[in-house]
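# Per-entry structural report
Here's the letter readout for the chains.
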Amino acid sequence: MSYAEENLDPRWEWISVGTVDEPDQWVKGHCRHLEPTPVYAHPNGDHVANLCPDCDKQLPVD
Ligand SMILES: [Zn+2]
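Predicted model only: the values in this text are computed from it and were never measured. (Residues numbered from 1 in each chain as written. Predicted model: local features only at pLDDT ≥ 70, side-chain atom pairs only at ≥ 80, totals over all residues.)

## Focus: unusual backbone geometry
Across the junction of His 42 and Pro 43, the peptide omega takes the value 5°, indicating a cis bond. Note that Pro 43 resides in the loop between strand E3 (37-40) and strand E4 (47-51). Phi is positive for His 33, which is not a glycine, with a value near 50°. Along the chain, His 33 turns up in the loop between strand E2 (26-31) and E3. Residue class for His 33 comes out partly exposed when judged on the 16 C-beta atoms lying within 10 Å of it. With phi around 65°, Asp 56 is a residue other than glycine that occupies positive phi space. In this structure, Asp 56 sits in the loop between E4 and strand E5 (58-59). Residue classification places Asp 56 among the exposed positions, given that 8 C-beta atoms sit within 10 Å. (Helix = DSSP H or I, 4+ residues; strand = E, 2+ residues; numbered from the N terminus. Buried ≥ 20, exposed ≤ 12 C-beta atoms within 10 Å, placed from the backbone.)

## What about the pairing of E3?
Of the strand pairs in this sheet, E3 and E4 are connected by four bridges, and their pairing is antiparallel. By the bridge assignment, Tyr 40 is partnered in E4 with His 47. The antiparallel pairing of E3 with E4 creates a hairpin that spans six residues between the two strands, and Gly 45 there sits at a positive phi of about 80°. (Pairing = 2+ DSSP bridges.)

Put into structure tokens, the structure is as follows:
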């Protein structure tokens, strides 16, 4: 796989593994959790967590 840097998915960090001959080589790094979805407890509706739809990781409430 090869990407130009500007085409990388902004939801993830990307690690450059390019060489002089092939500079546009990238490995997917950590998820940036850009669009977490709130998770509400039942039945009281407390906002208890956030869930990242990109990597399915549960994130703490700020
Ligand atoms: Zn994530």
